[in-house]
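As a plain string of letters, each chain reads:
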Amino acid sequence: MIKGIFPIVKLRNIETPFYYYDMELLNNTLKTVNTEAGKYGFEPHYAIKANANPSILKTIAKAGLGADCVSGGEVDAAIKAGFPASKIVFAGVGKTDWEINLALDNDIFCFNAESIPELEVINELAGKKGKTAHVKLRVNPNVDAHTHHYITTGLSENKFGFNLEDLDDVIAKIKTLPNLEFIGLHFHIGSQITDLSSYENLCVRINELQDEFEKKGIQVKNINIGGGLGINYEHPNHMPIADFESYFHLFGKHLKLRQGQRLHCEPGRSIVAQCGSLITKVTYVKKGKSKQFAIVDAGMTDLIRPALYEAYHRIENITSDKEPQKYDVVGPICESSDVFLKDTDLNETQRGDLLAIRSAGAYGEIMASRYNLRKLPGSVISTEI
Ligand SMILES: *Cc1c(COP(=O)(O)O)cnc(C)c1O
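Residues numbered from 1 in each chain as written. Predicted model: local features only at pLDDT ≥ 70, side-chain atom pairs only at ≥ 80, totals over all residues. Heavy atoms only, no water.

K.L.:
What should I look at first to understand the overall build of the chain in this one?
P.N.:
A tally of regular secondary structure across the chain gives eleven helices and 17 strands. Along the longest, intermediate and shortest principal axes, the C-alpha atoms of the chain span 70 × 40 × 35 Å. At a minimum sequence separation of 6, the contacts of the chain that also span at least 24 residues come to 73%. Carbon and sulfur atoms provide 50% of the accessible area of the chain, an area that totals close to 16900 Å². (Helix = DSSP H or I, 4+ residues; strand = E, 2+ residues; numbered from the N terminus. Contact = heavy atoms within 4.5 Å. Areas by Shrake-Rupley, 256 points an atom, 1.4 Å probe, with all protein chains shown as cover.)

K.L.:
Looking at this structure, how should I read empty space enclosed by the protein?
P.N.:
Left-over empty space is what a probe sized like a water molecule reveals as it rolls over the atoms. By the definition in use, this model includes one cavity of 30 Å³ or more. In this structure, the largest cavity spans a volume of roughly 40 Å³. What lines the largest cavity is Leu-25, Thr-29, Ile-231, Pro-240, Ile-241, Ala-242, Ser-270, Ile-271, Gln-274 and Cys-275. Of the residues contributing to the lining of the largest cavity, the split by class is seven nonpolar, three polar and no charged. (1 Å grid on protein atoms, 1.4 Å probe; cavity = no way out; pocket = protein on both sides within 12 Å on 5 of 7 lines; lining within 4 Å. Points joined across faces, edges and corners; volume = space filled by probe spheres on them. Nonpolar A, V, L, I, M, F, W, Y, C, P; charged D, E, K, R; others polar.)

K.L.:
Looking at this model, I keep getting lost on the nonpolar core. Mind explaining?
P.N.:
For soluble globular proteins, nonpolar side chains are generally found buried alongside one another. Core analysis: the largest hydrophobic core is formed by 97 residues, its most contacted members being Ile-60, Phe-83, Phe-111, Leu-119, Leu-137, Leu-185 and Phe-251. Excluding anything up to four places from it in sequence, Phe-83 contacts Ile-48, Leu-57, Ile-60, Ala-61, Leu-65, Gly-66, Ala-67, Ala-78 and Ile-88. If you look at the next biggest cluster of nonpolar residues, it comprises ten residues, including Ile-8, Leu-11, Phe-18 and Leu-354. (Core = buried A, V, L, I, M, F, W, Y, C linked by side-chain atoms within 4.5 Å. Buried < 20%, exposed > 50% of the residue type's maximum accessible area, 1.4 Å probe, protein only.)

K.L.:
I'm lost on unusual backbone geometry in this one. Help?
P.N.:
Working note: non-glycine residues mostly have negative phi, and peptide bonds are mostly trans. Across the junction of Thr-16 and Pro-17, the peptide omega takes the value -5 degrees, indicating a cis bond. Summarising the element assignment, Pro-17 is placed in the loop between helix H1 (8–11) and strand S1 (18–21). Despite not being glycine, Asn-142 shows a phi value in the positive range, around 55 degrees. Tracing the backbone shows Asn-142 in the loop between strand S6 (133–140) and strand S7 (162–163). What makes Asn-142 partly exposed here is its relative accessible area of 38%.

K.L.:
Looking at this model, I keep getting lost on the site of the ligand. Mind explaining?
P.N.:
With respect to spatial proximity, 14 residues lie near the ligand, and among them Lys-49, Ser-191, Glu-266, Arg-269 and Tyr-363 are the closest. One of the side-chain N or O atoms of Lys-49 is found 2.8 Å from an oxygen atom in the ligand. The backbone of Arg-269 places a nitrogen or oxygen atom 2.8 Å from an oxygen atom of the ligand. With the chains in place, 94% of the 380 Å² that the ligand exposes on its own is no longer accessible. Per-class residue counts for the shell around the ligand are three nonpolar, six polar and five charged. (Near = heavy atom within 4 Å. Polar contact = N/O pair within 3.5 Å; in protein donor to acceptor, adjacent residues only side chain to side chain.)

K.L.:
Is there a simple way to explain the side chain of Asp-353 in this structure?
P.N.:
If you trace the backbone, Asp-353 turns up in the loop between strand S15 (339–347) and strand S16 (354–357). At 4.7 Å, Arg-12 is the nearest oppositely charged side chain to Asp-353, a buried residue that forms no salt bridge. A distance of 2.9 Å separates a polar side-chain atom of Asp-353 from the backbone nitrogen of Gln-350. Discounting chain neighbours no more than four positions away, the residues touching Asp-353 are Thr-280, Lys-281, Val-282, Asn-317, Thr-319, Ser-320 and Glu-348. (Lys, Arg positive; Asp, Glu negative; His and termini not counted. Salt bridge = Lys/Arg side-chain N within 4 Å of Asp/Glu carboxyl O.)

K.L.:
Looking at this structure, how should I read a nonpolar patch on the surface?
P.N.:
A grouping of Leu-308, Ile-366 and Met-367 is seen on the molecular surface, where their side chains present a nonpolar patch of about 220 Å² in accessible area. Tracing the backbone through its elements, the reader meets Ile-366 in the loop between S16 and strand S17 (378–381). (Patch = residues over 30% accessible without salt bridge, like charges linked within 9 Å, V, L, I, M, F, W, Y side chains within 5 Å.)

K.L.:
Is there a simple way to think about the packing of helix H4 (residues 72–81) against helix H5 (residues 97–105) in this case?
P.N.:
Between two packed helices, both the angle of their axes relative to each other and the distance between the axes serve to describe the pair. For the pair H4 and H5, the least separation of the axes is 9 Å and the interaxial angle reads 25 degrees. By the criterion of interaxial angle, the relationship of H4 to H5 is roughly parallel. H4 and H5 meet at a crossing whose hand is left-handed. Where H4 approaches H5, its residues Gly-72, Gly-73, Val-75 and Asp-76 are matched on the opposing element by Trp-98, Glu-99 and Leu-102. Residue composition of the contact of H4 with H5, by class: three nonpolar, two polar and two charged. (Axes fitted to C-alpha atoms, helices over the stretch in contact; angles between N-to-C directions. Parallel < 35°, antiparallel > 145°, perpendicular 65-115°, else oblique. Left-handed = near helix turned anticlockwise from the far one by under 90°.)

K.L.:
Can you walk me through the environment of Asp-22 in this structure?
P.N.:
Note on placement: Asp-22 falls in the loop between S1 and helix H2 (23–38). In this structure, the C-alpha to C-alpha distance between Asp-22 and Gly-361, residues 339 residues apart in sequence, is 9.6 Å. For Asp-22, the side chain forms a polar contact with the main-chain nitrogen of Leu-25, separated by 3.1 Å.

K.L.:
Hey, could you run me through the pattern of salt bridges in this one?
P.N.:
Where side chains of opposite charge bring their charged atoms close, a pairing between them can arise. For the structure on display, the rule yields 21 salt bridges. Of the charged contacts, one joins Lys-375 and Glu-15 as a salt bridge, the two residues approaching to 2.9 Å between their closest N and O atoms. Within this pair, whereas Lys-375 is found in the loop between S16 and S17, its partner Glu-15 is found in the loop between H1 and S1, the two being separated by 360 residues in sequence. Using a relative accessible area of 58% as the deciding quantity, one classes Glu-15 as exposed.

By themselves, these observations are geometric and do not establish any function.
In structure tokens:
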């Protein structure tokens, strides 16, 4: 039987587990982003760390988005996928010399810098090449994103960015570094943010900061608000596209951009999460005293989010239409945390059935590991089968 979005007959013949990417949904998501950001002239840079599958990257580059990178490997992947260097930003607290050199050689748009020692090294390496590096300062705005503590990044206790009270000194320091040009401020307060009032607080903080800067005669060309827009993990079928309309509207309404200023953003999860599902085969159904387990051939090595953040992913049996029963869906890895979901309703399940673990397009395939010497999961692009 064919259920929902999955071409079951084709998927049946592919070795499991694998990620299945629905390119129609990805393209519709990108269209929405371009329309909604376009209303205000905002410039989105896709955060590559969410998913760097080459077909996904090419599709996003083709749609005209820029790229947000956090490593030399990502800068390289962005260039190879066709993102123009002039739309690549490079963030991260620990950029090494080869990564900085790679970015300089490719003339990327800017470095999002996080410390004074980093600024000094970028200045030195740019000088050796006779280049001027554009830098934005990542500012820690001390805004709570109201999300899981592992994915909150904008509090002063986090390792990221400069504290607000140090900014004057940092900007004075940049003036002494001849191969750097200060072009803007960068913020990123966390991930999977569904309470948009966190972003309203960010706008207030940025507006205050801009007022102070104006008094001091400091020019800021660019404001970058990072990523973090959440998606609906509970209802991927009803809410397949994140609420980009409200998200961009909020910044259009609350953020006071100055004359000639450009707003950049870095959505990752909200672009790719819903288009991806991890498809896994049921190896055994094990009946315990009070529970039954669907033991599947995917594990935490293929999708680590449930084990790492206790994240919820909806699971569907896409090859059974029998009456639902309760199951714990677990993987084969020798760790107690290798559980995808407990006490979930699945259509009555038997060995050989295919399950779809939904909303897995972000921080799924890219975080896979070979722990237990397992194979890495494959990937299947809907338009290529
Ligand atoms: C992770 C990250 C993003 C993307 O976050 P999402 O929650 O996936 O949208 C954007 N910017 C920076 C600096 C990041 O570290």
